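One letter stands for each residue in the lines below.
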Amino acid sequence: MEKFLKRKNEEESGAKPPTKAKILRRYNPDFIKYGFVNGGTEATPRAQCVECGLALSNEALKPSKLKRHLETKHPTLVGKPVEFFKRKENGLQMQKMSVVSLTGNSKCALKASYLVARRVAQSKKAFTIAEELVLPAAVDMCREMLGEAAAKKLLTIPLSNDTVSHRIADMASDIRHQLLERIQSSPFFSLQLDESTDVTNAALLLVFVRYRWDSSLHEDILFCGELPTRTTAQECFRCMDEYFTENGLDWQNCVGVCSDGAASMTGRHHGVIRQILDRAPEAKWTHCFLHRESLASKKMSPEFNEVMDVSVKTINFIKNNAVNSRCFAKLCEDIEADHVQLLYHSEVRWLSRGQVLNRLFELRNEVFSFLTEKKSPLAHYYANTKFTAKLAYLCDIFSLLNQLNISLQGRNSNMFFVADKVQAFKRKLALWTKRAQEKRMDMFPLLSDILENTPQVKISDSVSQHLSQLAEKFDEYFPEDPREGHMWILDPFSVDPTENDVALPSHLESELLEVSTDSTLKLQWGKLDLGSFWIAVSKEYPCLALRAVKLLLPFTTTYLCESGFSIVATTKTKARNRLRATLEATLRVSLSPIPPRLDLIMSERQAQVSH
């Protein structure tokens, strides 16, 4: 009766009854005679049967329970000697090692598969090259250098066409997720976009983005979308707006858009740029500097147009006919010319005109001999020294224009860099015009050589007229200097807001004065690029730095889009004209600077070796 009362009192007081301590049993090496070994650790031993591999709990480490398992599960092994069970133990250990080895090999093969797939995407080659060339070549090299065992390991890497395609899609998806996270964490971003067609006449819209992440400005491909029907402004914007909506991007954060001057892009009421600016009030449109330079240099006077037309006709006469092309190449080889072929002219290629004319000028004597032999009416042009002088001038001026175009190309350009190049060229045009009027042509080396050998040729008036016309076109296409009022961004330590027009409100002028006298920031200014410097300044002067970053974010050219379409042409060829589903994934893996997180991707995939 007392014990019941005691329990009731304990329950009323909230005291818990004492629990019985758990006994941890130890493994005895003598248990091997029952066919059991230690399948756990020294701290927590467990009994494991050497025959069936069954692992029992720690509580089963009793001779009676082990003996009962042997007699009921494996009665044929009762009475076997200890040596028999030890041999079984060795087999069990080898089996465990084999499983661990196979698991490790499978993971290594899976990662190797991803690494090779990334190489294939970056090389823009067909996916079948991994299985048909890369793997056999690697096996051959390993067999010779490391032996047959290493070669057999390589054969377990899955590299079929479908496998490589899936690997590229996995990596592209991971890169896209990383990019979207970065853009969403960036306060602002800018875009550059362009539209073109591929080898199957499919219309593609390519969009690149520049954003702030970590401590610098980054550029990456945002997406490559296919326009199903027309390439109108409505279709282009609909494609972009759907992508923004699906991925949670806000138009309000867009501060710049760069494109060419196509009507679908720049329409006053319904163009793509107009629709973007309506949704992004802080965004500003930039007409691509490369396209503007090309348009400014396109128009020529009638006499230089005639030289260009004759040059194109000459090239087409030689290259359009297979026999003429071979005979001209043989002629050039026989006289040991520097080149054996002319170059086709293309209006849409920025550097084509200068390269075509330079090659024709270098081979002008061979061209004259060939045209004379073929009795072509074009031959008499190349016997005319004035025509040759005009051709030399066009070679010189378009070579200089090509140098300007190349200097404007590249990644991570800003308005200060491109404006410096354009303004310097405009000043050169003024200087060259003045020299041409004074009949000094030493700035054009090819023309200068021709005039020295044939002083009777007079084309200085034509040259000065063309240079004046070129200068007028550059003023027309580059009417403003984007650097005006913003030089404090380029060098905040040499601009005095009290003396210079810095286009800043009063409270930001005060911050600029503080920045210009900060010696610690001046040390960083010499070590960091412009974007990284102002991001570093944002920690102390956020408002001023935000104004600077907004002006540095917008693209100045569509170089990334143009180079992207070149990669599309290399990737999607006639032999791979059905490449549609994985085109964007291939472009993203090959163009994006963001590395895929292979460990994360592999954790979501089951490792399987190739058979």
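It should be noted that the structure appears before, not after, this text.
The text that follows walks through the structure, step by step, so that each part is easy to find. Given the structure is predicted, the values throughout are model-derived calculations rather than measurements.

Summing up its helical and strand segments, the protein has 27 helices and 7 strands in all. Whereas a compact globule of 611 residues would reach a radius of gyration of roughly 25 Å, the protein reaches 37 Å, over 25% beyond that. C-alpha atoms of the protein, sized along the principal axes, occupy 130 × 70 × 50 Å. Counting over 611 residues, the protein shows a buried share of 46%. Taking contacts inside the protein between residues at least 6 apart in sequence as the whole, the part at least 24 apart equals 68%. Distance between charge centroids for the protein: 9 Å, based on 81 positive and 74 negative side chains.

Moving on to the packing of helix α16 (residues 385–408) against helix α17 (residues 415–437). α17 packs onto α16 with a crossing angle of 165° between their chain directions and a minimal axis gap of 9 Å. Between α16 and α17, the angle is such that the two are roughly antiparallel. α16 and α17 meet at a crossing whose hand is right-handed. Contacts between α16 and α17 involve I397, L400, L401, L404, S407 and L408 from the former and F417, V418, K421, V422, F425 and W432 from the latter.

Taken in spatial order, the 5 strands make up an open sheet running β5-β4-β3-β6-β7, and their pairing is mixed. Each edge of the open sheet is held by one strand with a lone partner, namely β5 (216–227) and β7 (284–287). Between one strand axis and the next, the sheet turns by 20° as a mean value, whatever way the strands run. As paired elements, strand β3 (residues 189–197) and strand β4 (residues 203–213) share 9 bridges and run antiparallel to each other. What sits directly across from T197, in β4, is A203.

Attention now moves to the pattern of salt bridges. Under the criterion given, the structure shown has 21 salt bridges. With a closest N to O distance of 2.4 Å, K550 and E282 form a salt bridge. In this pair, K550 is assigned in helix α24 (residues 542–552) and E282 in the loop between α9 (272–279) and β7, connecting sequence segments 268 residues apart. The class for E282 is partly exposed, based on a relative accessible area of 37%. Three or more residues are tied together by salt bridges with common partners; here these are D140, R143 and E148.

Turning to the packing of helix α7 (residues 233–246) against α9, a few remarks are in order. Two elements in contact, α7 and α9, have axes whose closest approach is 8 Å; the angle formed by their N-to-C orientations is 40°. When the interaxial angle is binned, α7 and α9 end up oblique. Residues A233, Q234, C236, F237 and M240 of α7 touch α9, and the partners they reach there are V272, Q275, I276 and R279. Broken down by class, the residue content of the contact of α7 with α9 amounts to 6 nonpolar, 2 polar and 1 charged.

What follows is about the pairing of strand β6 (residues 254–259). When you tally the buried positions in β6, you get 6 out of 6 residues, the bulk of the element. When β6 meets β7, the two strands line up parallel, connected through 4 bridges. In the strand pairing of β7, V257 is matched with W285.

It is worth spelling out the state of the cysteines at this point. What the rule picks out here adds up to 0 disulfides. With no disulfide partner, C258 has as its closest neighbouring cysteine sulfur the one in C288, 5.2 Å distant. Not part of a disulfide, C327 finds its nearest cysteine sulfur in C332, a span of 11 Å. Judged by its relative accessible area of 35%, C327 is partly exposed.

On to the packing of aromatic side chains. What characterises a pair of aromatic rings is the spacing of the ring centres plus the angle enclosed by the ring planes. Scanning all chains against the criterion turns up 18 aromatic pairs. Ring plane angle 25° and centroid distance 5.7 Å describe the contact between F237 and W251, whose orientation is recorded as stacked. Taken as a pair, F237 in helix α7 and W251 in the loop between α7 and β6 lie far apart in primary sequence, 14 residues in all. A single burial state applies to F237 and to W251, both of which are buried. With centroids separated by 5.8 Å and ring planes inclined at 65°, the aromatic side chains of F493 and W525 adopt a geometry described as edge-to-face. Pair noted here: F493 is in the loop between α20 (487–490) and α21 (506–516) and W525 is in helix α22 (residues 519–525), with a separation of 32 residues, a long-range link. Relative accessible area serves as the criterion here: at 14%, F493 is assigned to the buried category.

The rules we used
Along every chain, residues carry numbers that run from 1 in the direction the sequence is written. Residue-level local features of this predicted model are given only where pLDDT is at least 70; pairs of side-chain atoms are given and counted only at 80 or more, and the full residue set underlies all totals for whole chains, interfaces and linings. Where side-chain values are given, they derive from all heavy atoms of the structure, hydrogens and water being excluded. For helices the rule is a DSSP run of H or I covering at least 4 residues; for strands it is a run of E covering at least 2, with both sets numbered from the N terminus onward. It is over C-alpha atoms that the radius of gyration is taken, and the globule rule equals 2.2 Å times the number of residues to the power 0.38. Buried, partly exposed and exposed residues are distinguished by accessible area as a fraction of the type maximum, computed with a 1.4 Å probe on protein chains only: under 20%, between the cut-offs, and over 50%, respectively. In this analysis, two residues are considered to be in contact whenever any of their non-hydrogen atoms come within 4.5 Å of each other. None of His or the chain ends enter the tally, which takes Lys and Arg as positive and Asp and Glu as negative. Every charge is mapped to an atom, namely NZ of Lys, CZ of Arg, CG of Asp or CD of Glu. In this analysis an axis means a line fitted to C-alpha atoms, helices contributing only their contacting stretch, and an angle means the value between N-to-C directions, from 0 to 180 degrees. Here the word oblique covers every angle except those under 35 degrees (roughly parallel), over 145 (roughly antiparallel) and from 65 to 115 (roughly perpendicular). The sense of a crossing depends on the near helix, which, turned anticlockwise from the far helix by less than a right angle, makes the crossing left-handed and, turned clockwise, makes it right-handed. For two strands to count as paired, DSSP must find a minimum of two bridges between them. By definition here, a salt bridge exists when the distance from a side-chain nitrogen of Lys or Arg to a carboxyl oxygen of Asp or Glu is within 4 Å. For this classification, Asp, Glu, Lys and Arg are treated as charged, while Ala, Val, Leu, Ile, Met, Phe, Trp, Tyr, Cys and Pro are nonpolar and the rest, including Gly, are polar. Two cysteine sulfur atoms make up a disulfide if the distance between them is within 2.5 Å. Centre distance within 6.5 Å is the pairing criterion for rings of Phe, Tyr and Trp, where only the six-membered ring of Trp is used; planes under 30 degrees apart are then read as stacked, over 60 as edge-to-face, and the remainder as tilted.

By themselves, these figures tell us nothing about what the structure is for.
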